[in-house]
Amino acid sequence: MPIEDSITTCLSPPVYDMICKLGFEVKESCDINSIVTQRGEVCWRTITDCVVYTESAQSLDYRGSVMLLGPVCAAVHSHLLSLTKGQFEIRYMPWLQWTAFPELFPELVDALETPGAPALPLGLMKLTACLERALGDVFLLNGKECPFLLRDLLTSEELAEVFGRPVMDVLKVFIGSPCGLNLRNILWHGFASPHEIPPKYCSVMILLTAGLGQLLERYLQRTEAVLARRPLVALTGLEELAVFPDVTSEVLSVLEEVVKKSTFVSKVMLPYWEAALIRFRSHRFADCAMLLLTQLETGLRRVFATVNECPERLLTAESTALYTTFDEILAKHLSDGKINQLPLFLGAPAMEFLWDFLNHQEGPRLRDHLSHGEFNLHDFPREATTQLLAFSVVLLLRFTDEDVSTAFKVLSCEKSIRVWPLLPLPQEAEEAARLEGTSEARACKSLITEILRELYHHLPESHGAVGDGDGLPAETWPQLIRELCGTPVPTLFCPRTVVEVLTVLRNISAQCARASGQVVASAGLRHQQWVERRLRSRQRQTYLHMLGSIKLLSPVLYLILLLIALELVNIHAVCGKNTSEYQQYLKFLKSILQYMENLVAYTSQQKNKWSETIALTRTALLKIWTFSEKKQMLVHLAKKSTSKGVL
């Protein structure tokens, strides 16, 4: 399902104006010495004086406050950029210990150097989460039950008693109300692209957090109270929720391709996806999970708005309307009582995955716990992020016009092999034909014929290739492979067995493409060296062996690609195998993968073991033929055409 991507922002005009423009309207500069002393002590009066109220003094004037705070934020930003790492640590790190996550802040200061990069909004997300958790601990100095929502926490009398109401009002302007900048919510719900968060707001949140630490220390000294830390949430039982196999480097490579092509991903949000993959490779699993969760919500919000025909719900709402978040996206009914079409569109398996990981009280509730600062980010389990990544792969593939999965790799390899007959050959190339006459080469050709004859009877008649009882003419193979790869195969939220088989098939086709690429490169290089007479006698013989091997390897690789394409089309038949049959089938596929990996090694320019590829190939073909005789390939198990063998 394609989604139109004409989006340049997910912020509604008033929200965009509040965040990206309003705080830049007052042009006068502010003296940093009136905001913070040389020792790093925050002068709260300068900051709180910028907060203004309505005429009745009943509520905050958020727009007026953002305008007046703009120069203060700019001065703080310039100040932090001017500090060395050592200066920052001396002045501010002692006052950031109360957050229980002080190591975050030097990392966030580094992110200030690259405005528009995902590191800055990611750092701000982590700051708001750890700040909320720390404020909850402070609340319990005077209160009994900590409010669940940050906005309720900031309006509480318990925090006002510690920090003062004017200080709490400053925080409300930045992170506590949809009427203000609302930085916490627009980031955690995936509304803001990386370049839409002014770095100066990140800078001022760092300073405000340090200033809160100073106020807290004075309160604790005055009252002789002791700040207690609530225990963090431990993620357990993830193995019961595991739907997908482990994320391999191959899966990451697929995801790197598909995020650039899937209509599920808005171009303005693409940097977040790219950053998520970088964080995963760097073992920053909590960071990766945060980025994925916000972008899954962004993408699903777009699908929600499309299937429910409510495009107005795509953008951030005003304070008088409802934000479209996971809660509504995953609900059975819309706010007007109509049936939500998204669950019907995604299907039960997808909805169950999202509910299990995000909403069920007994589940991990990843987004809730992360956004409220309740996890230890350093110990965030890889397994949780793996499930989110794998889910993202299949979801993005559903919204990909160009197939970049297994079929894409098969087609890429087929295109590479198609070049082989066009490779330049020396006049002495007929000597290479001698290799074709060896007993092993003849045995390989015979096996290829027998295997093709068997596969021929299981080809779907709808593909229109022409053949007879003796098998398929070689000239029809490329067309047949391309047509098979064009067959729609549902792969969203498949059982684990299907995903495991898909992974092996993809790996086989990837190695096939690699071997074919090496053949093309080596043949071109050796031919040039042959023409220029730069090959020694032994190298000339190796080159002729290469040409002989190529004549055999071409139909072998086509056969393997045809086999992969047929198994891919019938992939869901694997669910009909019992455990023993499935393990035998997986072992068979992995033996083909091993053959392809060995072939890649033998055909490399470093080894050049072209003669040895014949024996290697014969062994692989024997395994394919033996397994084919058992009728245990998926093409055998799938429902057969009513008219077999007529294509």
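Residues numbered from 1 in each chain as written. Predicted model: local features only at pLDDT ≥ 70, side-chain atom pairs only at ≥ 80, totals over all residues. Heavy atoms only, no water.

K.L.:
For this particular structure, what's the right way to read the overall build of the protein chain?
P.N.:
Helices and strands together make up the secondary structure of the protein chain, namely 28 helices and zero strands. Of all intrachain contacts in the protein chain linking residues separated by at least 6 positions in sequence, the fraction that spans at least 24 positions is 76%. Split by element, the accessible area of the protein chain, about 28,000 Å² in all, is 52% carbon and sulfur. (Helix = DSSP H or I, 4+ residues; strand = E, 2+ residues; numbered from the N terminus. Contact = heavy atoms within 4.5 Å. Areas by Shrake-Rupley, 256 points an atom, 1.4 Å probe, with all protein chains shown as cover.)

K.L.:
I would appreciate a short explanation of helix 5 (residues 104-111) in the present structure.
P.N.:
Helical geometry note: an α-helix holds 3.6 residues per turn, so side chains three or four residues apart project in the same direction. Most of helix 5 sits out of view: six of its eight residues are buried. Along helix 5, the residues that are buried comprise Leu-104, Phe-105, Pro-106, Leu-108, Val-109 and Ala-111. Elements in contact with the buried residues of helix 5: helix 3 (62-82), helix 4 (85-92), helix 6 (119-139) and helix 11 (199-223). (Buried < 20%, exposed > 50% of the residue type's maximum accessible area, 1.4 Å probe, protein only.)

K.L.:
Explain the confidence of the model for the protein chain here, please?
P.N.:
Detail in the predicted coordinates should be disregarded across regions flagged by low pLDDT. When pLDDT is averaged along the protein chain, the result is 84; 86% of the residues meet or exceed 70. For the protein chain, helix 21 (residues 406-417) is the element with the lowest average pLDDT, namely 58, and helix 11 is the one with the highest, namely 98. pLDDT under 50 marks residues 462-470. Its contacts with residues more than four places away, or in other chains, come to 19 contacts. This stretch, residues 640-647, has a pLDDT under 50; its non-local contacts, to residues over four places away or in other chains, come to 19 contacts. (pLDDT = per-residue confidence, 0-100.)

K.L.:
Got a minute to help me understand the packing of aromatic side chains in this structure?
P.N.:
Describing an aromatic ring pair means giving the distance of the ring centres and the angle of the ring planes. Taken as a whole and assessed by the stated rule, the structure comprises twelve aromatic pairs. Consider the rings of Phe-88 and Tyr-92, whose centres lie 5.6 Å apart with planes at 45°: the pair is tilted. With Phe-88 and Tyr-92 both in helix 4 and four residues apart, this pair spans about one turn of that helix. Side by side, Phe-88 and Tyr-92 carry an identical accessibility label, which is buried. Geometrically, the ring pair formed by Phe-375 and Phe-380 is edge-to-face, given 5.6 Å between the ring centres and 65° between the ring planes. Residue class for Phe-375 comes out buried when judged on its relative accessible area of 7%. (Phe/Tyr/Trp six-rings, centres within 6.5 Å; stacked < 30°, edge-to-face > 60°.)

K.L.:
Explain the pattern of salt bridges here, please?
P.N.:
Side-chain pairs of opposite charge can arise where the charged atoms are in close proximity. The tally for this structure, following the rule as stated, stands at 19 salt bridges. Across the pair Asp-17 and Arg-63 runs a salt bridge whose closest N-O atoms are separated by 3.3 Å. Of this pair, Asp-17 sits in helix 1 (residues 13-20) while Arg-63 sits in helix 3, and the two are 46 residues apart along the sequence. Glu-107 is paired through a salt bridge with Lys-126; the nearest N and O atoms lie 3.1 Å apart. A residue pair is termed long-range when its members are at least 10 positions apart, and Glu-107 in helix 5 and Lys-126 in helix 6 qualify at 19 residues. Of the residues examined, Glu-107 reaches a relative accessible area of 33% and is grouped as partly exposed. What emerges from the salt-bridge pattern is a single network uniting Glu-107, Lys-126, Arg-279, Arg-284 and Asp-287. (Salt bridge = Lys/Arg side-chain N within 4 Å of Asp/Glu carboxyl O.)

K.L.:
Just checking my understanding: could you explain the environment of Pro-231 for this structure?
P.N.:
For Pro-231, the location among the structural elements is in the loop between helix 11 and helix 12 (238-241). Using a relative accessible area of 69% as the deciding quantity, one classes Pro-231 as exposed. Pro-231 sits 144 residues away from Phe-375 along the chain, and the two C-alpha atoms are 9.4 Å apart.

K.L.:
Explanation requested: the packing of helix 26 (residues 579-602) against helix 27 (residues 612-629) in the structure shown.
P.N.:
Axis angle and axis distance: for two packed helices, these are the angle between their axes and the distance between the axes, and together they describe the pair. Here helix 26 crosses helix 27 at 165°, and the two axes come no closer than 10 Å. Taken as axis vectors, helix 26 and helix 27 run roughly antiparallel relative to one another. For the element pair helix 26 and helix 27, the recorded crossing hand is left-handed. Of helix 27, the residues touching helix 26 (which contributes Gln-584, Tyr-585, Phe-588, Ser-591, Ile-592, Tyr-595, Asn-598, Leu-599 and Tyr-602) are Glu-612, Thr-613, Leu-616, Thr-617, Ala-620, Lys-623, Ile-624 and Phe-627. Residue composition of the contact of helix 26 with helix 27, grouped by class: ten nonpolar, five polar and two charged. (Axes fitted to C-alpha atoms, helices over the stretch in contact; angles between N-to-C directions. Parallel < 35°, antiparallel > 145°, perpendicular 65-115°, else oblique. Left-handed = near helix turned anticlockwise from the far one by under 90°. Nonpolar A, V, L, I, M, F, W, Y, C, P; charged D, E, K, R; others polar.)

K.L.:
Looking at this structure, how should I read the side chain of Ser-628?
P.N.:
Tracing the backbone through its elements, the reader meets Ser-628 in helix 27. Residue class for Ser-628 comes out buried when judged on its relative accessible area of 0%. Filtering out sequence-adjacent residues up to four positions away, Ser-628 remains in contact with Glu-454, Met-633 and His-636.

K.L.:
Help me understand the environment of Ile-451, please; the structure alone is not making it clear to me.
P.N.:
Residue placement: Ile-451 occurs in helix 22 (residues 439-456). Separated by 175 residues in sequence, Ile-451 and Thr-626 have C-alpha atoms that sit 9.5 Å apart. Setting aside residues no more than four positions away along its own chain, Ile-451 makes contact with Leu-559, Leu-621, Ile-624 and Trp-625.

K.L.:
What is the right way to read the nonpolar core from this model?
P.N.:
Soluble globular proteins tend to bury their nonpolar side chains together. Ranked by internal contacts, the top residues of the largest apolar core, which has 152 residues, are Phe-88, Leu-135, Phe-163, Phe-174 and Leu-212. Broken down by element, the residue count for this core peaks at 14 residues, all from helix 15 (residues 285-307). In this view, Leu-135 contacts Trp-98, Leu-153, Leu-154, Leu-159, Phe-163, Leu-171 and Leu-212; residues no more than four positions away in its chain are not counted. Leu-484, Ile-571, Trp-610 and Val-635 belong to the second largest nonpolar core, which has 67 residues in total. (Core = buried A, V, L, I, M, F, W, Y, C linked by side-chain atoms within 4.5 Å.)

K.L.:
Would you take a moment to explain unusual backbone geometry for this structure?
P.N.:
Peptide bonds are trans in most cases, and residues, glycine excluded, mostly fall at negative phi. Here the phi dihedral of Arg-365 falls at roughly 45°; this positive angle occurs in a residue that is not glycine. Judged by its relative accessible area of 14%, Arg-365 falls in the buried class. Positive phi, close to 60°, is recorded for Lys-631, a residue that is not glycine. On the secondary structure map, Lys-631 appears in the loop between helix 27 and helix 28 (634-637).

K.L.:
Looking at this structure, I do not really get helix 20 (residues 382-398). What am I missing?
P.N.:
Between its first and last C-alpha, helix 20 extends 25 Å over 17 residues, near the 24 Å set by a 1.5 Å rise per residue. When you tally the buried positions in helix 20, you get 14 out of 17 residues, the bulk of the element. (Expected span 1.5 Å × (residues − 1).)

K.L.:
Explain the side chain of Ser-193 to me, please; I cannot follow it from the model alone.
P.N.:
Checked against the element boundaries, Ser-193 lands in the loop between helix 10 (183-188) and helix 11. A residue is classified by how much of its surface remains accessible, and Ser-193, at 0% relative accessible area, is buried. Residues contacting Ser-193, with those up to four places away along its chain left out, are Val-268, Met-269 and Tyr-272.

K.L.:
How do you make sense of the packing of helix 6 against helix 11 when you look at a structure like this?
P.N.:
Put simply, helix 6 and helix 11 touch, their axes get as near as 11 Å, and they point 20° apart. Between helix 6 and helix 11, the crossing angle belongs to the class labelled roughly parallel. Crossing geometry of helix 6 relative to helix 11 is assigned as left-handed. Contacts between helix 6 and helix 11 involve Leu-120, Leu-124, Leu-127, Leu-131, Leu-135 and Val-138 on the former and, on the latter, Pro-199, Cys-202, Met-205, Ile-206, Thr-209, Leu-212 and Leu-216.

K.L.:
Quick question: what am I supposed to make of the environment of Leu-452 here?
P.N.:
In this fold, Leu-452 is placed in helix 22. Put simply, Leu-452 and Leu-563 are 111 residues apart on the chain and 9.3 Å apart in space, counted from C-alpha to C-alpha.

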